[in-house]
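# Summary of structural features
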Amino acid sequence: MSTTTQASSTLISNVPSGPMQERWTKHKFEMKLVNPANKRKFDVIVVGTGLAGASAAASLAELGYNVKSFCIQDSPRRAHSIAAQGGINAAKNYPNDGDSVWRLFYDTVKGGDYRSRESNVYRLAEVSNNIIDQCVAQGVPFAREYGGTLSNRSFGGAQVSRTFYARGQTGQQLLLGAYSALMRQVKLGKVQLYPRREMLDLVIVDGMARGIVTRNLVTGEFESHAAHAVLLCTGGYGNAYFLSTNAKSCNVTAAWRCHRRGAFFANPCYTQIHPTCIPVSGDYQSKLTLMSESLRNDGRVWVSKKEGDKRHPTDIPEDERDYFLERRYPAFGNLVPRDVASRAAKERCDAGYGVGETGLAVYLDFRDAIKRDGEDVIRAKYGNLFHMYEKITADNPYEVPMKIYPAVHYTMGGLWVDYNLMSTIPGLFVLGEANFSDHGANRLGASALMQGLADGYFVIPYTLSHHFGSHSLPSVSTDSPAFKETLVEARNRVESILAVKGNQTVNDLHRKLGKIMWQHCGMARNAEGLKIAKEQIRELRDEFWQTIKVPGVGESFNQNLEYAGRLADFLEFSELLAHDAAERNESCGGHFREEHQTEENAARRDDENYCYVSAWEFNGVGETPTLHKEDLKFEAVPLAVRSYK
Amino acid sequence: MGATTDTSNETIDLTIKVWRQSGPDDRGEFRTYDLKGVSTHMSFLEMLDVLNEQLLAGDEEPVAFDHDCREGICGMCGMVINGQAHGPDRETTTCQLHMRRFNDGDTIVIEPWRATAFPVIRDLVVDRSAFDRIIEAGGFVSVNTGNPPDANAILVPKDDAEQSMNAAACIGCGACVAACKNASAMLFVGAKVSHLALLPQGKPERKQRANDMVAQMDKEQFGSCTNTYECEAACPAGISVENIARLNREYLRSLLPF
């Protein structure tokens, strides 16, 4: 592929030195403080109100900063963190089963396939316990034992029970906790809420992030907001694939606009594809729904041994079934890690053995478990999931096997940040899924909630004061040229979308992008496919600007216009994702390059040549970005082949 | 409109009668559209997506409606379908309602939530910020980020935790208000007051909370509760009306001097 990229040494991660266990403590002491009376002189913009954004906005307001909180939904309570089901990890060791901060740290580094920054991961594990204490104090109704203590359950990959949960609605309850803390600060006058606002650009004054331009989604008005720092808590970019488990409004626009202004984008090719989702059923499909991974404890995954077998699953006799996970991975069977299970299902479907009308599905069968344990036992364990499955598909999974297929779920890549969560633009901080730092090339289950809240409650309150204490930040006005110019650029872009007046809808074009991304940048990638993807994305981008059709006017509530703007940014971003995937000539975690695999179809890492973070600098739309490398050092968890066999 | 058990990918033809209103000051009106070949596997919102694509092809502005997660948890979607908030299925959000619930030739009438406290923004989109202001009034525990006691230092009996969780499951969609002939928000407020009153963490502020949240609810012009329980029947999260009873007790308690 392209050879114009070059390594640069401009990335300073600001990771403290010394023993791993003492780094965060030492760093907290070394950081500058802002005294309580001075905090009220600082304004902070927080974009997004998911776990990272709401917890950051509430915590900073409690400290005395003036916070402006923005979200695209009608209420901060609706951010997509709310959809997380399983739970949140913490190293409490309440079950007395050998857990520790060190073990959570170790599991997360290994789970990330040795592509995360050790010091950040250690800090994450270190503050995990504080998160549980904080959430309980807020009134989050976690599951309890009869004695009144907290319950734990085990989760993907870990050998200990460290996951705290509130039924299948852990994300909802944690988000409502953070939202209640946020609303309390609204009442106290320390947070000003801006719902139904979309950030369209970042304003930089004298090299520092000093504000944003937003569009009021109700009136269509463009607005400027000034502050002393900007926090981006805007989630991941899974919707580049059109179909994903993300909410419909999840998008890359805020992060991409910051990238265009100079923030480096790190590891965009690290995407997580979850094996057990309800498959696509038709061209009208608008999103995909996750079925909890826990189902693979009792369900057996299979397809017919006969290619293109159209028989009803219950008519296919036992000896004509191919339990391909059990066949290929006898040691782990149906409980192989997410990436392995996803790839194996894809392999069968590509070979023509897929089931259902589209041929893009495999069976997840509970027949044997029901025979063994009885229907009541299975109902008690998975009743709600079976009910949801039946609601969506009209199939009764107690009688016929579920049909499942992998789907895009989470993105580990994001804007590059240093140990202080600051991007390459001073004053722009990035929290939660929007940054890249903690999950490496693969995220473990129940760790996304942990990271969002760690960043918001326990990291940014310290590192932001250090930023304020280290710089002189004269006040800026939204009447200044930088604000006015940025606002005009944002408005021009929106108007140019309206001006095309073509004949293709946003949905048409987004589906096309999704197909390119899924085919060439999905579960398995190769050099040739990625080259094709880049070309097709470029062509589609041109097609967008020639054929997009958005009715109505800009000065109104115009949902098509919102979607079109987001798609325009996805069309720029997706090329970077494909480029990053092409340049990383190894397989690791969620990034699987077909050229780099073991005989058993496992990812083959190349630590000698690729043990670094790829941070990309924007050089213009369609121009080759510049690669900056942050070398990863593994001092505490030695590099090893990740094996769950 | 019985549920069909046929799992084949059949299609149905529908007449969609939907509320169109260009903005808060527009009077608004029903408009009728024919929609053919709707797959019974579609969700209700996917059916609206298809309707909107059809409108776009004919150069008519699409029907605006709120939606986001499309998994029944964010609370963003909600519309009155044939007179019922979120449509005919119990404990089901609009996004989880599927077209196999309807028959070929049906006319489906779709309206926004109707309540003084939820003014229409456009078509099926309403302004529910009154709910945020009610939470702002007292739907929280006053604890700053910092060093709370160890999580297991606060013991919560399992049954209390379960009951609290039952109430905390509210998704804030507003169906309770839309279903109520008085547009009362008692179920929404009752759910939050119950969630916190049932936990030791919420007890220190229980009087102030009940008082302030009820005062804000009244200020937002939600109506009074007359115990018809339409709210419970419409609630996609299965919130029980016993939370309204608990709200009444908590409110009375807030007026007592001891």
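Residues numbered from 1 in each chain as written. Chains lettered and ligands numbered in written order. Predicted model: local features only at pLDDT ≥ 70, side-chain atom pairs only at ≥ 80, totals over all residues. Heavy atoms only, no water.

### Points about the interface of chain A and chain B
Put simply, the rule reads: Note on contacts: a residue pair qualifies if any of its non-hydrogen atoms lie within 4.5 Å across the two residues. The buried area of a pairing is the accessible area, by a 1.4 Å probe, that goes missing from both parts when the two are put together, added over both. Here a salt bridge means any side-chain nitrogen of Lys or Arg lying within 4 Å of a carboxyl oxygen belonging to Asp or Glu. The definition of a polar contact used here is a pair of N or O atoms within 3.5 Å, where within protein one atom must be able to donate a hydrogen and the other to accept one, and adjacent residues in sequence count solely through side-chain atom pairs. Per the convention used, a helix needs a DSSP run of H or I reaching at least four residues, while a strand needs a run of E reaching at least two, with both numbered from the N terminus.
Taken together, the contact between chain A and chain B spans 77 residues of the former and 77 residues of the latter. Taking both sides of the interface into account, the surface hidden between chain A and chain B amounts to around 6,500 Å²; carbon and sulfur atoms contribute 50%. When the area that chain A buries against chain B is broken down by residue, the three leading residues are Arg-78, Arg-144 and Tyr-284 of chain A, summing to 11%. On the surface where chain A and chain B come into contact, there are 8 salt bridges. In this structure, the connection of chain A to chain B is made through 50 residue pairs in polar contact (both at pLDDT 80 or more). Secondary structure elements with two or more residues in the side of chain A that touches chain B: α3 (51-63), α5 (118-138), α6 (170-187), α11 (375-393), α12 (448-470), α14 (506-521) and α16 (559-583) of chain A. Per-element tally for the side of chain A that touches chain B: the top contributor is α6 of chain A, with 10 residues.

### Re the confidence of the model for chain A
The following threshold applies: Per-residue confidence from the predictor is reported as pLDDT, which spans 0 to 100.
For chain A, mean pLDDT is 94; residues scoring 70 or higher make up 98% of the total. The low-confidence segment residues 1-7 of chain A, where pLDDT is below 50, has 20 contacts with residues more than four positions distant or belonging to other chains.

### Here's the deal with the pairing of strand β11 (residues 271-277) of chain A
All names here are of chain A. Operational definition: Exposure classes here rest on a 1.4 Å probe applied to the protein chains alone. A residue is buried below 20% of its type maximum, exposed above 50%, and partly exposed in between. Pairing between strands is defined by DSSP: at least two bridges between them are needed.
Along β11, 7 of the 7 residues are buried, which leaves the element largely enclosed by surrounding structure. Here 5 bridges tie β11 to strand β15 (residues 402-411), and the two strands are oriented antiparallel to one another. Bridge pairing in β15 links Thr-271 to Thr-411.

### Structural notes on the packing of α14 of chain A against α16 of chain A
Residues and elements named next belong to chain A. In plain terms, the rule: The angle between two axes is taken between their N-to-C directions and runs from 0 to 180 degrees, where each axis is a line fitted to C-alpha atoms and a helix contributes only its stretch in contact. Working rule for angles: under 35 degrees goes down as roughly parallel, over 145 as roughly antiparallel, 65 to 115 as roughly perpendicular, anything else as oblique. Crossings are classed by handedness, with left-handed meaning an anticlockwise turn of the near helix from the far one by less than a right angle and right-handed meaning a clockwise turn. Charged residues are taken to be Asp, Glu, Lys and Arg, nonpolar residues to be Ala, Val, Leu, Ile, Met, Phe, Trp, Tyr, Cys and Pro, and polar residues to be all remaining types, Gly included.
Running from N to C, α14 and α16 point in directions that differ by 20°, and their axes come no closer than 10 Å. Compared by their axis directions, α14 and α16 come out roughly parallel. The handedness of the crossing between α14 and α16 is left-handed. Residues Val-506, Leu-509, His-510, Leu-513, Met-517 and Cys-521 of α14 pack against Asn-560, Tyr-563, Ala-564, Leu-567, Phe-570, Leu-571, Ser-574, Leu-577 and Ala-578 of α16. Looking at the contact of α14 with α16 residue by residue, the class counts come to 12 nonpolar, 3 polar and no charged.

### Looking at the pairing of strand β8 (residues 222-226) of chain A
All names here are of chain A. A large share of β8 lies buried, amounting to 5 of its 5 residues. Across the two faces of β8 the burial is the same, with Phe-222, Ser-224 and Ala-226 and Glu-223 and His-225 all buried. Looking at chain direction, strand β7 (residues 208-216) and β8 are connected through 5 bridges and run antiparallel. Each bridged residue has a counterpart across the sheet, and for Thr-214 the counterpart in β8 is Glu-223. Between the antiparallel neighbours β7 and β8 lie 5 residues, among them Gly-220 with a positive phi of about 80°.

### A closer look at a negative patch on the surface
Definition in use: Patch rule: a residue counts if its relative accessible area is over 30% and it has no salt bridge; like charges are joined within 9 Å, and nonpolar side chains (Val, Leu, Ile, Met, Phe, Trp, Tyr) within 5 Å. Computed with the Shrake-Rupley method and a 1.4 Å probe, the accessible areas treat only the protein chains shown as cover for residues. Neither His nor the chain ends is counted toward charge; the positive residues are Lys and Arg and the negative residues Asp and Glu. Charge placement uses NZ in Lys and CZ in Arg. For Asp and Glu, CG and CD serve respectively.
On the surface, Glu-528, Glu-535, Glu-539 and Asp-542 of chain A cluster together into a patch of negative charge. On the accessibility criterion, Asp-542 of chain A (48% relative accessible area) is partly exposed.

### Some points on empty space enclosed by the protein
Short version of the rule: Here a cavity is any set of points on a 1 Å grid over the protein atoms alone where a 1.4 Å probe fits but cannot get out, and a pocket is any open set with protein on both sides within 12 Å along at least 5 of 7 lines; a residue lines the site when it has an atom within 4 Å of a point. Grid points are joined across faces, edges and corners, and a volume is the space filled by probe spheres set on the points.
All told, the structure shown has 16 cavities of 30 Å³ or more when counted by the stated rule. As a volume, the largest cavity reaches approximately 510 Å³. If you trace the largest cavity, you find 34 residues lining it, with Asn-507, Gln-559, Asn-560 and Tyr-563 of chain A together with His-67 of chain B closest to the centre. Elements that contribute at least two residues to the lining of the largest cavity include exactly α14 and α16 of chain A together with α1 (44-57) of chain B. Here the lining of the largest cavity gets 6 residues from one element, more than from any other, and that element is α16 of chain A. Tallied by class, residues from the lining of the largest cavity come to 13 nonpolar, 13 polar and 8 charged.

### A look at the sheet that holds β11 of chain A
Residue and element names in this part refer to chain A. Spatial strand order, β11-β15-β14-β12-β13: 5 strands in an open sheet with antiparallel pairing. Whereas interior strands pair on both sides, the edge strands pair on one side only; in this sheet they are β11 and β13 (321-322). Pairing geometry for strand β12 (residues 300-304) and β13, over 2 bridges, is antiparallel. Within β13, the residue paired with Ser-304 across the bridge is Arg-321. Packed onto the sheet, helix α9 (residues 338-350) meets β11, β12, β13, β14 (362-365) and β15 and runs at close to 70° relative to β11.

### Some points on the sheet that holds strand β10 (residues 265-266) of chain A
In a beta sheet, neighbouring strands pair by backbone hydrogen bonds and run either parallel or antiparallel. All names here are of chain A. If you trace the 4 strands from one edge of the open sheet to the other, you get β16-β10-β18-β19, paired in antiparallel fashion. The sheet is open, and its two edges are formed by β16 (414-415) and β19 (626-631), each paired on a single side. Relative to strand β18 (residues 612-617), β10 is paired through 2 bridges, and the arrangement is antiparallel. Within β18, the residue paired with Phe-265 across the bridge is Trp-616. Across the sheet, α16 is in contact with β10 and β18; its angle to β18 comes to roughly 145°.

### Quick notes on the packing of α3 of chain A against α12 of chain A
A pair of packed helices can be characterised by two numbers: the angle between their axes and the separation between those axes. Residue and element names in this part refer to chain A. Where α3 meets α12, the closest approach of the two axes is 8 Å, and the angle between their N-to-C directions is 30°. Overall, the two elements α3 and α12 adopt an arrangement that is roughly parallel. Relative to α12, α3 is oriented so that their crossing is right-handed. Counting all contacts with α3, which are made through Leu-51, Ala-52, Ser-55, Ala-56, Ser-59, Leu-60 and Leu-63, the residues of α12 involved are Leu-449, Gly-452, Leu-453, Gly-456, Tyr-457, Ile-460, Pro-461 and Leu-464. Across the contact of α3 with α12, the residue classes break down as 11 nonpolar, 4 polar and no charged.

### Quick notes on unusual backbone geometry
Even without a glycine there, the phi angle at Asn-14 of chain A is positive, about 55°. With respect to the helices and strands, Asn-14 of chain A occurs in the segment before α1 (23-30). What makes Asn-14 of chain A partly exposed here is its relative accessible area of 37%. Positive phi is not limited to glycine here, since Asp-123 of chain B has a value of about 45°.

### Topic: the domain arrangement of chain A
Residue and element names in this part refer to chain A. The test is simple: In this document the domain limits rely on a domain assignment from an automatic tool or a database.
If you check the domain split of chain A, you get domain 1 (274-408) and domain 2 (483-618). A C-alpha centroid distance of 30 Å is found between domain 1 and domain 2. Across the boundary between the two partners, domain 1 contributes 13 residues, which contact 10 residues of domain 2. For the interface between domain 1 and domain 2, the tally reads 3 residue pairs in polar contact (both at pLDDT 80 or more). Listed by contribution, the elements that provide at least two residues to the side of domain 1 that touches domain 2 are α9 and β15. Classifying every residue of the side of domain 1 that touches domain 2 gives 6 nonpolar, 2 polar and 5 charged.

### Comments concerning the packing of aromatic side chains
Residue and element names in this part refer to chain A. This is how the line gets drawn: Under the pairing criterion, centres of Phe, Tyr and Trp rings, with the six-membered ring standing for Trp, must be within 6.5 Å; the plane angle then separates stacked pairs below 30 degrees from edge-to-face pairs above 60, leaving the rest tilted.
Summed over all chains, the structure comprises 33 aromatic pairs over all chains. Between Trp-302 and Tyr-323, the aromatic rings sit 6.3 Å apart at their centres with planes inclined by 50°, giving tilted as the arrangement. Note that Trp-302 is positioned in strand β12 and Tyr-323 in the loop between β13 and α8 (324-328), a separation of 21 residues in sequence. Ring centres 6.1 Å apart and planes at 50° place the aromatic pair Phe-366 and Tyr-382 in the tilted group. One end of the pair, Phe-366, is in the loop between β14 and α10 (367-373); the other, Tyr-382, is in helix α11, with 16 residues separating them in the sequence. We classify Phe-366 as buried; its relative accessible area is 1%. A residue is classified by how much of its surface remains accessible, and Tyr-382, at 5% relative accessible area, is buried. Joined through ring pairs, the aromatic side chains of Tyr-237, Trp-256, Phe-265, Phe-573 and Phe-618 make up one cluster.

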